[in-house]
Amino acid sequence: MPALPPRSVAVVLGTRPELVKLTELIRLLGPAAHVVHTGQHYDEELSGRFLAEFGIPEPTYLTGVGGQPRAVQVSAALAQLDAVFRDGPARAVVVQGDTNAALAGALAANARALPLVHVEAGLRSHDRNMPEEHNRVLIDRIADVLCAATPENRANLLAEGVPADRIDVTGNTVVEAAHRQLPAERVRLAYLAGLGLTPDGYLLATVHRPENTDDPAALRAVLGELAALAEEVPVVLPLHPRTRARAEAAGLAGLLAPLRVTRPLGYRDFLALARHAALLVSDSGGVQEEVTVLGRPLVVVRNSTERPEAMADFATLVAPGPELGRAARERLALGAAGRAQLAALPSPFGDGLASQRIAELLADLVTARTAPYAAAA
Ligand code: UDP
């Protein structure tokens with residue numbers, strides 16, 4: 001890959017999963033990367049600590065975005081990104097996934113006629129109740145280079161009329177993120193021991209999506225099922241600030257009592273726990289991919305998923321309610337033999353070289369765009 005001009009690739013991000021999934025690309029780009037953080041996730045536990053954990057160079061921070069309604073997040077970030085792109089040396093813009101930060105980055109790139117690369121293009125839940133689904137569709141509409149993680153993602157894009165020459169199947173960058181950040185076995189086991197946990201002897205849960213947290217009945221159902229499971233097996237729940245706030249507001253704090261509630265964890269600690277969990281229960285998108293790298297079973301608590309690739313072998317999709325407990329017990333009953341079977345399967349999300357492929361696509365894009373100017377100079 002040729003060395004690109006300093007800060008010629010603007011990488012716009014704003015949340016925990018984007019930090020996880022763009023770190024390796026940022027590392028490969030080196031000084032060519034200019035990280036712009038919108039502040040969509042603004043607290044230390046969901047953002048700042050990940051920058052330090054991953055060694056991401058100090059980003060340019062936008063202001064007035066975090067904690068705002070969706071339209072305000074997008075418009076506040078858009079206005080500031082326009083100034084960054086107007087004044088800076090960006091020759092291409094990268095966004096990842098389906099966040100408000102990614103949508104703002106995409107619109108700002110489009111407004112300044114900067115080529116836009118969408119990492120993790122082509123995911124579709126076909127669920128119009130999810131703001132993320134609208135963000136994905138809008139970003140894919142205007143992206144110039146669409147990095148689809150899987151052939152299914154590519155097929156989704158082709159079905160919507162995206163020209164084939166804009167799409168590259170790269171794999172998902174989470175595969176290399178998980179490989180690179182997973183602590184060594186000795187470190188993992190010491191961490192578990194410090195928490196009083198034994199490998200394969202606990203369940204790891206995360207819950208944070210609005211469909212589960214903002215509806216008190218759904219939140220009661222999810223926490224109630226986890227509390228019932230905790231009578232049979234320790235349940236570790238790193239609690240997202242949104243979920244904590246909603247549980248307290250809905251008077252559901254009592255359901256947290258039987259659980260091993262922790263603060264949100266750093267990525268390496270989370271991976272260590274996920275790697276040895278007998279089962280995961282989660283509504284997270286990234287966790288659906290990570291279990292396929294770690295070879296662990298998962299119950300996905302959501303009404304729909306945009307990641308059907310994980311569903312056949314690794315995961316079961318359930319709505320919040322008694323189905324959750326049933327599916328969890330079924331998966332747990334498969335025991336060590338079931339987990340060994342999963343561990344032997346390849347991840348459907350790629351081979352760990354996605355970031356490398358995307359860096360090369362970016363190099364072609366920036367070089368092609370810089371060349372005519374260089375020739376004229
Ligand atoms: N994660 C983490 N610490 C935690 C919980 C999750 O590092 O306590 C990681 C998880 O491994 C995944 C990412 O955060 O890579 C997922 O973020 P989130 O669930 O917020 O977003 P989504 O994946 O649903 O977009």
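Scroll up to find the structure this text is about.
Cut-offs used in this document
- Numbers given for residues are sequential positions, taken from 1 along each chain in its written order.
- Local features in this predicted model are restricted to residues whose pLDDT is 70 or higher, and side-chain atom pairs enter the listing and the counts only when it is 80 or higher, whereas totals over whole chains, interfaces and linings include all residues.
- Just so you know, side-chain values use all the structure's heavy atoms and leave hydrogens and water out.
- Consider each residue's heavy atoms; a residue with any of them within 4 Å of a molecule or strand counts as near.
- A run of DSSP states H or I qualifies as a helix once it reaches four residues; a run of E qualifies as a strand once it reaches two. Both are numbered from the N-terminal end.
- Three classes are used, and their members are as follows: Ala, Val, Leu, Ile, Met, Phe, Trp, Tyr, Cys and Pro are nonpolar, Asp, Glu, Lys and Arg are charged, and the others, Gly among them, are polar.
- Each pair of strands is called paired provided DSSP finds at least two bridges between the two strands.
- Throughout this description, the term salt bridge denotes a Lys or Arg side-chain nitrogen within 4 Å of a carboxyl oxygen of Asp or Glu.
- Classification of residues uses two cut-offs on accessible area relative to the type maximum, computed with a 1.4 Å probe and protein chains only: under 20% is buried, over 50% is exposed, and between them is partly exposed.

A.B. asks: Requested: an account of the site of the ligand, with residues and values cited.
C.D. replies: The full set close to the ligand counts 16 residues, and Leu265, Ser284, Gly285, Gly286 and Glu290 are the nearest of them. When contributions to the shell around the ligand are tallied by element, the ones reaching two or more residues are helix H1 (16–29), helix H13 (267–276) and helix H14 (285–294). In the shell around the ligand, the residues fall into eight nonpolar, five polar and three charged.

A.B. asks: Just give me the short version of the sheet that holds strand E5 (residues 116–121), but keep the residues and values in it.
C.D. replies: Strand order across the open sheet formed by seven strands is E3-E2-E1-E4-E5-E6-E7, with parallel pairing between neighbours. In the strand order of this sheet, the two ends are held by strand E3 (60–61) and strand E7 (167–169), each with one partner. The pairing of strand E4 (residues 92–96) with E5 spans four bridges and is classified as parallel. For Gln96, the partnering residue across the bridge sits in E5 and is Val119.

A.B. asks: Describe the pattern of salt bridges, listing the residues and the values that go with them.
C.D. replies: Following the criterion strictly, the structure yields 23 salt bridges and no others. As a salt-bridge pair, Glu132 and Arg209 come within 2.4 Å of each other at their nearest N and O atoms. Separated by 77 residues along the polypeptide, Glu132 in helix H5 (residues 131–142) and Arg209 in the loop between strand E8 (203–206) and helix H9 (210–213) bring together distant segments of the chain. For the pair formed by Glu132 and Arg209, the shared burial category is buried. With a shortest N-O distance of 2.4 Å, Arg136 and Glu133 are connected by a salt bridge. Here Glu133 and Arg136 lie together in helix H5, a separation of three residues that amounts to about one turn. One exposure class covers both Arg136 and Glu133, and it is buried. Residues joined in a network through salt bridges with shared partners are Lys21, Asp98, Glu120, Glu133, Arg136, Glu289, Arg302, Glu306 and Arg307.

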